Structure formats: C-alpha cells, structure tokens
Amino acid sequence: MNDDVRNIVLGVIAAGISASLGWLARTYLWRRRLRRKQAFFGLPENSESLLVVNRDPATSEPAVHRFDVFALLELSALIKECGAHLRMVTQDMAQQGFGERTEFCVGGPASNRRMKAHMTAMLPGVHVNADSEPGPDRAAFRIGAEHYRMDPGVTEYVLLARLTAGGQSRPVFLFCGQRAITNQAATRYLARNHERLARKHGGGSFVLLLKVVNSQAYGPDVVELVADVTRAAQAPLPAEDKPPTSHRP
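Residues numbered from 1 in each chain as written. Predicted model: local features only at pLDDT ≥ 70, side-chain atom pairs only at ≥ 80, totals over all residues. Heavy atoms only, no water.

Asks: What should I look at first to understand the sheet that holds strand S10 (residues 223-228) in this one?
Replies: If you walk across this open sheet you meet the seven strands as S2-S1-S3-S8-S7-S9-S10, and the pairing is mixed. Only two strands of the sheet have a single neighbouring strand rather than two, namely strand S2 (85-90) and S10. With direction set aside, neighbouring strand axes in the sheet form an average angle of 20°. (Pairing = 2+ DSSP bridges. Helix = DSSP H or I, 4+ residues; strand = E, 2+ residues; numbered from the N terminus. Axes fitted to C-alpha atoms, helices over the stretch in contact; angles between N-to-C directions.)

Printed below as a string of structure tokens:
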C-alpha cells in the first residue's frame, strides 16, 4: 500500500468516525430534549392522556367550534411527538379524577363543565362571566382584584395553566379562552414555548394570562404574555365589596 492509498483509507475512516460521532451526538441531544418534553407534559413513552373537548355554545346540537378543533389537532401532535396515546372525550363524559394521566382541557366554563370543575377546585381566584347576553362584561375574566374585558377580534384573553395536585406526577393543562380562537392561540403558544416554560417552572404549577392581539387579522398567531397570575388565581377571590381594577383593550 503506497502513501496515497493509505491517506485515502485513513481519510475515509476519519470521515466515518466523524459522521458516527455526529450522529451519536445528535441522537443524544434529541433524546434528552424528548425526555424533557415528556417530563414537562407528563407523557412518558406509551402513556395514556385525556383530551377533554367542549361544545360550541352557539349551537343547540353537540358540536365543537372549528377553532377548538384546530386546538385539539395541535395538542394531538404534541402528544404523538412524546410517543404517548390519547383518549378524546366530551366535556359531559369525563367523569373521573385527575392526576393519574395527563389531561388537556379546552374551552371556557360555560361550554365545558370539566373546565368549570377544575377552576372551582384549583383556581378559586378566577371568575369568568358566563352571561350569554351581550354586554361589555360578557366572557370577562376576574383574576383576584383585576378585571379583563375583551374586545372581540381586537383584544381577547385566554388562561393557559399547568396544574398538579395531591403529589400526582401527571398534570392538567387548561386552555380557557374568551373565544374559541383564543383556545387555539393558547395551544399554539404552549407548543412554541414549552421548553422555555419547562426551564422556568420545572414540574410545578403555573397560570399564565395571555392576550391575543387582532385575531380578526392575524388569527391565533399574535399572542402576548400579560402576566403570570398563578398566585392570584390560586387564592380565593377578594371580598365582593372591593372594586376590581378594569383593564380595557
């Protein structure tokens, strides 16, 4: 074997070793990111999760608003990426406790009785105006002493929460918006920012208030974080005679 052939063979071997090390490094990083994602969502490989869908309050028949369908599709993709399985149930059929499996609950308390139960049990500091009559306070949020009204299509709010209770390892995720499009905005925000949220909150509970900006033009894509309202949401509401502070769009 002359020097030229030897150099070619050594070059091929070096390239093969470099490619193998690169593949191993990428695989390691991918697996680490996947484990962190699974831990944040409480979705280990082949685990079961529950997807609770609401009903469209604008119809008399059982139906799901199209924006809520889009939200469910985004959540389904997240669950699939974690290698977990999902079971989809309607809000009136989810008659079980929480903590044994990860749950994703979509829709406000007016259209999702499961959401109403979760908020009553775990978010006593949040009140959602469920009055069906038109008015400035329709679907408004009261969180502690703060009041958040919506301007449909211009400024709307949605709560995104990750909650754990009783030492259970499987969280409940709540997507409680003033309109269906805000539910989709919250699921998209979670999909885009779950790594940052995991670094900040770890495996603990959090409640975030998000603002959806100009949904009539931008759909569910332009979302701003208003505040982390975990403490106010988990504390009982102030006395009724204390006037809330209004936040107008």
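And the narrative resumes.
Asks: Can you walk me through the pattern of salt bridges in this structure?
Replies: Should the charged atoms of two oppositely charged side chains come close, the side chains can pair. Using the criterion set out here, one finds nine salt bridges in the structure. Put simply, Lys37 and Glu81 hold a salt bridge, and the shortest N to O gap is 2.2 Å. Of this pair, Lys37 sits in helix H1 (residues 3-41) while Glu81 sits in helix H2 (residues 66-81); the two residues are 44 residues apart in sequence, bridging distant segments of the chain. The partner of Asp221 in a salt bridge is Arg192, and the shortest N-O contact between them spans 3.6 Å. Of the two residues, Asp221 is situated in the loop between helix H5 (215-218) and S10 and Arg192 in helix H4 (residues 180-201); the sequence distance between them amounts to 29 residues. By relative accessible area, Arg192 is classed as exposed at 55%. Among the ionic contacts, a cluster of salt bridges with common partners joins Glu74, Arg188, Arg192 and Asp221. (Salt bridge = Lys/Arg side-chain N within 4 Å of Asp/Glu carboxyl O. Buried < 20%, exposed > 50% of the residue type's maximum accessible area, 1.4 Å probe, protein only.)

Asks: Even after reading the chapter, I still don't get the packing of H2 against H4, so can you show me in this structure?
Replies: The relative placement of two packed helices is expressed as an angle between their axes plus a distance between the axes. Direction vectors running N to C along H2 and H4 enclose 20°, while the axes themselves pass 7 Å from each other. Between H2 and H4, the angle falls in the class roughly parallel. Regarding H2 and H4, the two cross each other, and that crossing is left-handed. Packed against H2, whose contacting residues are Phe67, Asp68, Phe70, Ala71, Glu74, Leu75 and Leu78, the element H4 presents Ala180, Ile181, Asn183, Gln184, Thr187, Arg188 and Ala191 at the interface. In terms of residue class, the contact of H2 with H4 is made up of eight nonpolar, three polar and three charged. (Parallel < 35°, antiparallel > 145°, perpendicular 65-115°, else oblique. Left-handed = near helix turned anticlockwise from the far one by under 90°. Contact = heavy atoms within 4.5 Å. Nonpolar A, V, L, I, M, F, W, Y, C, P; charged D, E, K, R; others polar.)

Asks: What should I look at first to understand unusual backbone geometry in this one?
Replies: For residues that are not glycine, phi is negative in most cases, and the peptide bond is trans in most cases. Phi is positive for Ala139, close to 65°, though the residue is something other than glycine. Assignment of secondary structure puts Ala139 in the loop between strand S4 (126-128) and strand S5 (141-143). Judged by its relative accessible area of 11%, Ala139 falls in the buried class. A positive phi is found at Asn214, a non-glycine position, where the angle reads about 50°. Here Asn214 lies in the loop between strand S9 (206-213) and H5.

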